[in-house]
Structures are given as structure tokens and as C-alpha cells.
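Breakdown of the fold
As a plain string of letters, each chain reads:
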Amino acid sequence: MSDTQIRDLIAEAIKDNDVILFMKGTPDQPACGFSMRTVGMLQSLDVPFAAVDVLPDPRIRQELSSLSNWPTIPQLFHNGELLGGCDIVTEMYESGELATTLGVETPADAPAEAPTGHPAQAAPMGIENRLR
Amino acid sequence: MPSADEVKNRIEAAIPGAEAEVQTPDEVHFSARVRAGAFGGLSRVQQHRLVMEIFDGELGGSIHALELKTEAT
């Protein structure tokens, strides 16, 4: 697949999914603490979201960052627009703005503070590379 | 490896009127709180971009992570 094809697929995925997270690893097996935290926040709001693992091909991250003008992973998009990375999503989660923006009610059992990830428990490189 | 002061000074030099508080446990992971008048009218994503582009090419390299909180003053 050419770089342009990858870029087009990313643009299409962002357009086609109301909420889409580009992350390291998968929601079930996040490979980075920041990705894990972002997944945790979306899950505690019960928001359905699409997730793309950027690890299988370094060009995914390259093309995504040049498209979004944002250097780091994770990146959360809503209605085609970049909401931010883990820090911004955390700030929005804790202020209630994330639920409002995504059009959901904050569930009664959602923690007030963003669920913390455990970067130390993130999968080591060998496991990251195993993905796909 | 940049020190917390170095990161702070670079942010304040690059963004006029900015005040930055920078912490780092290991000079690889940084957390910065930045207040600036220049952030007025910008979205959070745009505010973060202004800070991150100062360290273009270093993020993910000598600066492993830069945790950011921005605020318009």
C-alpha cells in the first residue's frame, strides 16, 4: 500500500466514524499508558468508538500526524475534528465537557477523575510488534 | 537531556507573555502548565500545538513525553 493510500484510508475512517481513536495497541490490549487512559475514559462514558492501532505500520502514524498536525498518539476525533490527545481528553473528561461534546450523559458510576493508566504495565516492545 | 528550567525557558521564549511551570522526574518525561495571553481565542488543540511545535523533532526522542495543561490568560 502506498503512503497516499494509507493517508486516504485514515481520512476516510475519520470521516466515517463519529468517534474514532488512533492508539497504540487495541482497546483490549493497549500498548501505551496514554492510550490505555483514553480508552478507559471513553469506556467509562459508555461511548461507542472506533479504534485504529497505529503500531502495525509506522506509516499509519506518520500519515495521521501529517494529516492532523498533531505529533503524538493517542488522537481522538469527533465528527471529523481532532479533540486532542490524552491530556486534553483528560481535562475534558474531568470537567464533564467530554460527555457533553460526545452527546452522552455521564453514567452515575463513572469515576469523577479520569481512570489512570499504568504505563509500567504497558506491553513491552516485543508484544507491540506482534500486533497484526 | 533538557532540564525542567530549559523546557520552561524555551516555552516562555517562544510564546510571548507565557508563564510556564515545568516538572520532570527524570529529564525525559515532562509535565508543563502554561498560561499565556497568546492562547486567547484558540481551541485547546491549537494551544497545545503552539507549545508542542517548540519541541518539534524532540518529542518522542530526547523528550519522551510532554504532558500539557494550557490556559488562556
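The sections below set out a description of the structure shown in this document. (Residues numbered from 1 in each chain as written. Chains lettered and ligands numbered in written order. Predicted model: local features only at pLDDT ≥ 70, side-chain atom pairs only at ≥ 80, totals over all residues. Heavy atoms only, no water.)

Moving on, we get to the overall build of chain B. When helices and strands are counted, chain B shows two helices and three strands. Relative to the globule expectation of 11 Å for 73 residues, the C-alpha radius of gyration of chain B, 11 Å, shows essentially globular dimensions. In terms of principal-axis extent, the alpha carbons of chain B reach across some 35 × 20 × 15 Å. Taken across its 73 residues, chain B has 34% of its residues classed as buried. Considering only residue pairs separated by 6 or more positions, chain B has 51% of its internal contacts joining residues 24 or more positions apart. Carbon and sulfur atoms make up 45% of the accessible area of chain B, which amounts to about 3800 Å² in all. One way to put it: in chain B the 7 positive side-chain charges average out to a point 8 Å from where the 12 negative ones average out. (Helix = DSSP H or I, 4+ residues; strand = E, 2+ residues; numbered from the N terminus. Rg over C-alpha atoms; globule rule 2.2 N^0.38 Å. Buried < 20%, exposed > 50% of the residue type's maximum accessible area, 1.4 Å probe, protein only. Contact = heavy atoms within 4.5 Å. Areas by Shrake-Rupley, 256 points an atom, 1.4 Å probe, with all protein chains shown as cover. Lys, Arg positive; Asp, Glu negative; His and termini not counted. Charge placed at Lys NZ, Arg CZ, Asp CG, Glu CD.)

Moving on, we come to the pairing of strand S3 (residues 65–72) of chain B. Here strand S2 (residues 29–36) of chain B runs beside S3(B); their pairing, made up of eight bridges, is parallel. For B:Arg33, the partnering residue across the bridge sits in S3(B) and is B:Lys69. (Pairing = 2+ DSSP bridges.)

All names here are of chain B. With respect to the helices, strands and loops of the structure, Asn 9 is situated in helix H1 (residues 4–14). Since its relative accessible area comes to 45%, Asn 9 is described here as partly exposed. Each C-alpha atom of the pair Asn 9 and Val 22 lies 9.5 Å from the other, and the pair is 13 residues apart in sequence.

Residues and elements named next belong to chain A. With five of its five residues buried, strand S1 (residues 19–23) lies for the most part within the structure. Where burial is concerned, the two faces of S1 agree: the one with Val 19, Leu 21 and Met 23 and the one with Ile 20 and Phe 22 are both buried. As judged from the four bridges shared by S1 and strand S3 (residues 75–78), these two strands associate in the antiparallel manner. Counted as the bridge partner of Leu 21 is Leu 76 from S3. As paired elements, S1 and strand S2 (residues 50–53) share four bridges and run parallel to each other.

Turning our eyes to something else, we now look at the interface of chain B and chain A. The partner chain A presents 14 residues to the twelve residues of chain B that form the contact. Carbon and sulfur atoms make up 59% of the surface buried where chain B meets chain A, a total of about 1100 Å² over both sides. The interface formed by chain B and chain A holds two salt bridges in total. Measuring nitrogen to oxygen at the nearest pair gives 3.0 Å for the salt bridge that ties B:Arg44 to A:Glu97. Counting across the chain B and chain A interface gives five residue pairs in polar contact (both at pLDDT 80 or more). Residue assignment for the side of chain B that touches chain A shows that the elements contributing at least two residues are helix H2 (44–52) and S3 of chain B. Among the elements that take part in the side of chain B that touches chain A, S3(B) stands out by supplying six residues, more than any other. Looking at the side of chain B that touches chain A residue by residue, the class counts come to six nonpolar, two polar and four charged. (Buried area = accessible area lost by both parts, 1.4 Å probe. Salt bridge = Lys/Arg side-chain N within 4 Å of Asp/Glu carboxyl O. Polar contact = N/O pair within 3.5 Å; in protein donor to acceptor, adjacent residues only side chain to side chain. Nonpolar A, V, L, I, M, F, W, Y, C, P; charged D, E, K, R; others polar.)

Residue and element names in this part refer to chain A. Here four strands make up an open sheet; going across it, the order is S2-S1-S3-S4 and the pairing mixed. The open sheet has two edge strands with one neighbour each: S2 and strand S4 (81–84). Each strand of the sheet is rotated relative to its neighbour by a mean of 25°, with strand direction disregarded. (Axes fitted to C-alpha atoms, helices over the stretch in contact; angles between N-to-C directions.)

The next subject is the sheet that holds S3(B). All names here are of chain B. An order of S1-S2-S3 is seen for the three strands of this open sheet, with the pairing classed as mixed. The two strands at the open ends of the sheet, each matched to only one other strand, are strand S1 (19–23) and S3. Within the sheet, the average angular offset between the axes of one strand and its neighbour, ignoring direction, is 15°. Contacting S2 and S3, H2 crosses the sheet at an angle of about 125° to S3.

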